[in-house]
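# Descriptive analysis of the structure
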Amino acid sequence: MNQKGLLVIISGPAGSGKGTIVSRLRELAPFDFSVSATTRKPRPGELHGVHYYFVDKADFESKIEQGEMLEYAQYVGNYYGTPKKPVEDALAEGKNIILDIEVKGALQVKEKMPEAIMIYVLPPDYETLLARIRGRGTETEEVIQKRMNEAKNEIKTFPRYDYVVINRDGGVDRAAQDVLTILSAEKMRTLRNADIPENFFR
Ligand code: 5GP
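Notes on the structure follow. Note that the structure is a prediction, hence the values are computed from the model and not measured. (Residues numbered from 1 in each chain as written. Predicted model: local features only at pLDDT ≥ 70, side-chain atom pairs only at ≥ 80, totals over all residues. Heavy atoms only, no water.)

## Here we look at the overall build of the chain
The condition is simple: Counting from the N terminus, the helices are the DSSP runs of H or I reaching at least four residues and the strands are the DSSP runs of E reaching at least two. Two things to know: the radius of gyration comes from C-alpha atoms, and the globule rule equals 2.2 Å times the number of residues to the power 0.38. Here's how the labels work: a residue is buried when its accessible area is under 20% of the maximum for its type, exposed when over 50%, partly exposed in between, all with a 1.4 Å probe on protein chains only. In this description, contact between two residues means that some pair of their heavy atoms is separated by no more than 4.5 Å. Only the protein chains shown count as cover for residues, and all accessible areas are computed by the Shrake-Rupley method using a 1.4 Å probe. Positive charge is attributed to Lys and Arg, negative charge to Asp and Glu, and no charge count is given to His or to the chain ends. Note on charges: their place is set at NZ of Lys, CZ of Arg, CG of Asp or CD of Glu.
A tally of regular secondary structure across the chain gives eight helices and nine strands. On C-alpha atoms alone, the chain measures out to a radius of gyration of 17 Å, which is about the 17 Å that the 2.2 N^0.38 rule sets for 202 residues. For the chain, the C-alpha atoms occupy an extent of roughly 65 × 40 × 30 Å along the three principal directions. Burial statistics for the chain: of 202 residues in total, 44% are counted as buried. When contacts within the chain are restricted to residue pairs at least 6 apart in sequence, those whose partners lie at least 24 apart make up 67%. Accessible surface, the chain as shown: approximately 11200 Å² in total, 53% of it carbon and sulfur. Mean positive and mean negative side-chain charge positions of the chain (29 and 30 charges, respectively) differ by 2 Å.

## As for the sheet that holds strand β8 (residues 117–122)
Sheets are built from strands that pair by backbone hydrogen bonding, the pairs being arranged parallel or antiparallel. The cut-off we apply is this: Pairing between two strands requires that DSSP report at least two bridges joining them. Lines fitted to the C-alpha atoms define the axes, with helices restricted to the stretch that makes contact. Angles between their N-to-C directions range from 0 to 180 degrees.
Spatially, β2-β7-β1-β8-β9 is the arrangement adopted by the five strands of the open sheet, whose pairing is parallel. The sheet is open, and its two borders are formed by β2 (32–33) and β9 (163–166), each paired with just one other strand. Taken together, the four bridges between strand β1 (residues 7–11) and strand β7 (residues 97–100) define a ladder with parallel strand orientation. Considered in β7, the bridge of Ile 9 is made with Leu 99. Lying over the sheet, helix α3 (residues 84–92) contacts β1, β2 and β7, oriented at roughly 150° with respect to β7.

## Observations concerning the site of the ligand
The test is simple: Whether a residue is near a molecule or strand is decided by its heavy atoms; if any one of them lies within 4 Å of it, the residue is near. Under the rule applied, a polar contact is a pair of N or O atoms within 3.5 Å (in protein, one hydrogen donor and one hydrogen acceptor; residues adjacent in sequence only if both atoms are side-chain atoms). Think of it as three bins: nonpolar holds Ala, Val, Leu, Ile, Met, Phe, Trp, Tyr, Cys and Pro, charged holds Asp, Glu, Lys and Arg, and polar takes everything else, Gly as well.
Inspection of the region around the ligand gives 16 residues, with Ser 36, Arg 40, Tyr 52, Tyr 80 and Asp 100 positioned closest. At a separation of 2.5 Å, an oxygen atom of the ligand approaches a polar side-chain atom of Tyr 52. Glu 71 places a polar side-chain atom, nitrogen or oxygen, 2.7 Å from a nitrogen atom of the ligand. Contact with the protein chains hides 95% of the accessible area of the ligand, taken as 510 Å² for the molecule alone. Mapped by element, the contributors of at least two residues to the shell around the ligand are β5 (69–75) and β6 (78–83). The residue inventory of the shell around the ligand, partitioned by class, reads five nonpolar, four polar and seven charged.

## What about the sheet that holds β5?
Strand order across the open sheet formed by four strands is β4-β3-β6-β5, with mixed pairing between neighbours. Bordering the open sheet on either side are β4 (52–54) and β5, each of which pairs with just one other strand. Between one strand and the next, the sheet's axes are offset by a mean angle of 25°, whatever the strand orientation.

## Looking at helix α5 (residues 126–136)
Applicable threshold: This arc corresponds to the set of directions leading from the helix axis out to the C-beta atoms.
All of the buried residues along α5 are Thr 128, Leu 129 and Ile 133. Looking straight down α5, one finds that the buried residues subtend no more than 125° of arc, so they occupy a single side. Turned more than 90 degrees away from the buried face of α5 sit Glu 127 and Gly 135, all of them exposed. In the core, the buried residues of α5 are packed alongside α6 (141–154). Here α5 starts with a cap whose side-chain oxygen sits 3.4 Å from the backbone nitrogen of Glu 127, and that cap is Asp 125. At the C-terminal side of α5, Gly 137 shows a positive phi close to 70°.

## Considerations on the pattern of salt bridges
Note the following rule: Within this document, salt bridges are pairs made up of a side-chain nitrogen of Lys or Arg and a carboxyl oxygen of Asp or Glu, the two lying within 4 Å of each other.
Across all of its chains, the model carries 18 salt bridges by this definition. The salt bridge partner of Glu 115 is Lys 4, with a shortest N-O separation of 3.4 Å. Of this pair, Glu 115 sits in the loop between α4 (103–112) and β8 while Lys 4 sits in the segment before β1, placing them 111 residues apart in sequence. Taking the shortest distance from any N to any O, the salt bridge between Arg 24 and Asp 173 comes out at 2.2 Å. Remark: Asp 173 occurs in helix α7 (residues 172–187) and Arg 24 occurs in helix α1 (residues 18–28); sequence separation between them is 149 residues. For Arg 24, a relative accessible area of 25% corresponds to the partly exposed category. Owing to a relative accessible area of 45%, Asp 173 belongs among the partly exposed residues under this scheme. If you follow the salt bridges from partner to partner, you end up with Arg 24, Glu 27 and Asp 173 in one network.

Geometric descriptors of this kind do not, in isolation, establish any biological role.
Written out as structure tokens, the structure reads:
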């Protein structure tokens, strides 16, 4: 059997609830979580090294130059990027790893690692999206507007994803189960089990 871990990319607009789904998934099954670097300031309760590595612009740019980033992108005025080594180490050790990243970065990863499973999370409709992002109460009106604009642009890239999961109000458990169903099927893909024929008659 191919023992390589699954590389799972979860994207979705601000307010899609993807962060909550990722937390639930990590309670349900063993997943490493890729801690991104960002130049955004921490929100209340966010911890360096747990939610993000909070770095300044010069630090971030030097990481890019050193080739330490698997991908990176600018989102609403800040850099966000995935450190390469933890992802490579997890997969080599046979662990599953989840990346919660936006679309431009997701497409960069898929290009480098076509075996990545790309899942797009959406709320049921636009009103729910708006209500959730406003309800969070951590962003200014200006940032909310910019994030809504990003969401409108992002959603156009939706067909580049492998799967879509709808996160209904109160439906985080269902959405997390949907992701687990996707991953169960993915493990049975022939391309992830390419060594079976050669080992079968041993
Ligand atoms: P937030 O500021 O709300 O934590 O994240 C804003 C957006 O940046 C979200 O869509 C999130 O998925 C994305 N993001 C977080 N980390 C990364 C990363 O390492 N790379 C990329 N490309 N996007 C990221």
